[in-house]
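# An overview of the molecular structure
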Amino acid sequence: MSEANAITVDVVSDVVCPWCFIGQKRLDKAVAAAGDVEVHIRWRPFQLDPTIPPQGKDRHDYMLAKFGSDERIREIHARIEPLGEAEGISFAFDAIKVAPNTLDAHRLIRWAGAAGEDVQNRLVRRLFQLNFEEGVNIGDHTVLVEAAREAGMDASVVETLLPSDADVEAVRTEITTASRMGITGVPCFLLEGKYAVMGAQDADTLADAIRQVAAAKARGELEKAD
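To start, this report covers the structure provided alongside it.

Broken down by element type, the protein chain carries 10 helices and six strands. Against the 2.2 N^0.38 benchmark of 17 Å for 226 residues, the protein chain shows a C-alpha radius of gyration of 18 Å, consistent with a compact globule. Its C-alpha atoms put the protein chain at 55 × 40 × 30 Å along the principal axes. For the protein chain, buried positions account for 47% of its 226 residues. Intrachain contacts of the protein chain at a sequence separation of at least 6 include 76% that bridge at least 24 residues. When the accessible surface of the protein chain is summed, it comes to about 11000 Å², and 50% of that surface belongs to carbon and sulfur atoms. Looking at charge distribution, the protein chain has the averaged site of its 25 positive side-chain charges lying 3 Å from that of its 37 negative ones.

Shown next as structure tokens:
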């Protein structure tokens, strides 16, 4: 397939964002619906709350402090659950006991990207599943090492790197860059680094954007925008 008919989609997201999990599922559908456009996906970091300590916080207490009441929390979950179900997601919010700091998860996603696009995609999907469907603490290094192994990474290397400061600043810099670009919420889909689709848009909207940007690239119009 020619490079002119291939585009890159950078997905700015956080693995504890339910809308990002929904967005991932819809992006998969959009890629399948985009016809003969070859789509390369890269996952970029964002932290909904970087102030959470490394060991995480009790999720119920955290949500209560954020939203004010159990009733409000139930309302939020009840709104998201059917949307997830429509995308094949079985949200298990009550099973999530820890609100994790996701910095280490984002470091792992970065390393997975160096191992290959397929590896990174597998890892991100697994982290979403672990957090939202299995209620597992994705801030726990043991969990991250196992997720890395399942995705096809060298788990022994990951086990060595996680306790270190490797790529901590690189990930924080990427998050800062996203903020400077005006990204205040996720998911955000950046097509060819030039066009942003904000939020968990439906698959048809994403597919249409992918086709339009691919067509513009094929006509040589994206280079002119530089």
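Next, the rest of the story.
Let us look at the pairing of strand β5 (residues 188–191). By the alternation rule, side chains of β5 split into Cys188 and Leu190 and Phe189 and Leu191, which are all buried. Direction of pairing for strand β1 (residues 6–13) relative to β5: antiparallel, over a ladder of four bridges. By the bridge assignment for β5, Asp10 is matched with Leu190. Strand direction decides the pairing type here: β5 and strand β6 (residues 195–198), joined by four bridges, are antiparallel. Residue Phe189 lies in a different strand from β6, and its bridge partner there is Val197.

A few words now on the pattern of salt bridges. Overall, the coordinates contain 16 salt bridges when judged by the stated rule. When the shortest N-O distance is used, the salt bridge between Glu174 and Arg44 registers 3.5 Å. Placement of Glu174 in helix α8 (residues 168–180) and of Arg44 in strand β2 (residues 38–45) is noted, with a sequence separation of 130 residues between them. Note on Glu174: relative accessible area 23%, which makes it partly exposed. Taking the relative accessible area as the measure of exposure, Arg44 reaches 28% and is therefore partly exposed. A salt bridge links Glu150 to Arg126; its shortest N-O distance comes to 2.6 Å.

At a minimum axis distance of 9 Å, the contact between helix α5 (residues 117–133) and helix α6 (residues 141–151) shows a crossing angle of 135 degrees. The orientation of α5 relative to α6 falls into the category oblique. Where α5 crosses over α6, the handedness of that crossing is right-handed. Contact with α5, carried on its side by Val119, Arg122, Leu123, Arg126, Leu127 and Leu130, involves Val143, Leu144, Ala147, Ala148, Glu150 and Ala151 of α6 and no other residues of that element. Residue composition of the contact of α5 with α6, by class: nine nonpolar, no polar and three charged.

Now for the nonpolar core. Core analysis: the biggest nonpolar cluster contains 64 residues, and Ile7, Leu123, Leu127, Met153, Leu191 and Ile210 have the highest contact counts within it. Filtering out sequence-adjacent residues up to four positions away, Leu127 remains in contact with Val15, Ala105, Ile109, Ile138, Leu144 and Ala147.

Here the focus is unusual backbone geometry. Of the consecutive residues Val186 and Pro187, the connecting peptide bond is found in the cis state with omega at 5 degrees. Mapped onto the elements of the fold, Pro187 is located in the loop between α8 and β5. Phi at Asp167 is positive, roughly 65 degrees, even though this residue is not glycine. Its place among the elements puts Asp167 in the loop between α7 (155–161) and α8. In this structure Asp167 comes out as partly exposed when scored by relative accessible area, which is 29%. The phi torsion at Glu192 lies on the positive side, around 55 degrees, for a residue other than glycine. Position of Glu192 relative to the elements: it lies in the loop between β5 and β6.

Moving on, we get to the sheet that holds β5. With respect to topology, four strands assemble into an open sheet ordered β2-β1-β5-β6, the strand pairing being mixed. Both outer strands of the open sheet, β2 and β6, are each paired with one neighbouring strand and no more. On average, each strand axis in the sheet is tilted by 25 degrees relative to the strand beside it, whichever way the strands run. Across the sheet, helix α9 (residues 203–218) is in contact with β1, β2, β5 and β6; its angle to β1 comes to roughly 135 degrees.

Reading the values: the criteria
- Residues numbered from 1 in each chain as written.
- Predicted model: local features only at pLDDT ≥ 70, side-chain atom pairs only at ≥ 80, totals over all residues.
- Heavy atoms only, no water.
- Helix = DSSP H or I, 4+ residues; strand = E, 2+ residues; numbered from the N terminus.
- Rg over C-alpha atoms; globule rule 2.2 N^0.38 Å.
- Buried < 20%, exposed > 50% of the residue type's maximum accessible area, 1.4 Å probe, protein only.
- Contact = heavy atoms within 4.5 Å.
- Areas by Shrake-Rupley, 256 points an atom, 1.4 Å probe, with all protein chains shown as cover.
- Lys, Arg positive; Asp, Glu negative; His and termini not counted.
- Charge placed at Lys NZ, Arg CZ, Asp CG, Glu CD.
- Pairing = 2+ DSSP bridges.
- Salt bridge = Lys/Arg side-chain N within 4 Å of Asp/Glu carboxyl O.
- Axes fitted to C-alpha atoms, helices over the stretch in contact; angles between N-to-C directions.
- Parallel < 35°, antiparallel > 145°, perpendicular 65-115°, else oblique.
- Left-handed = near helix turned anticlockwise from the far one by under 90°.
- Nonpolar A, V, L, I, M, F, W, Y, C, P; charged D, E, K, R; others polar.
- Core = buried A, V, L, I, M, F, W, Y, C linked by side-chain atoms within 4.5 Å.

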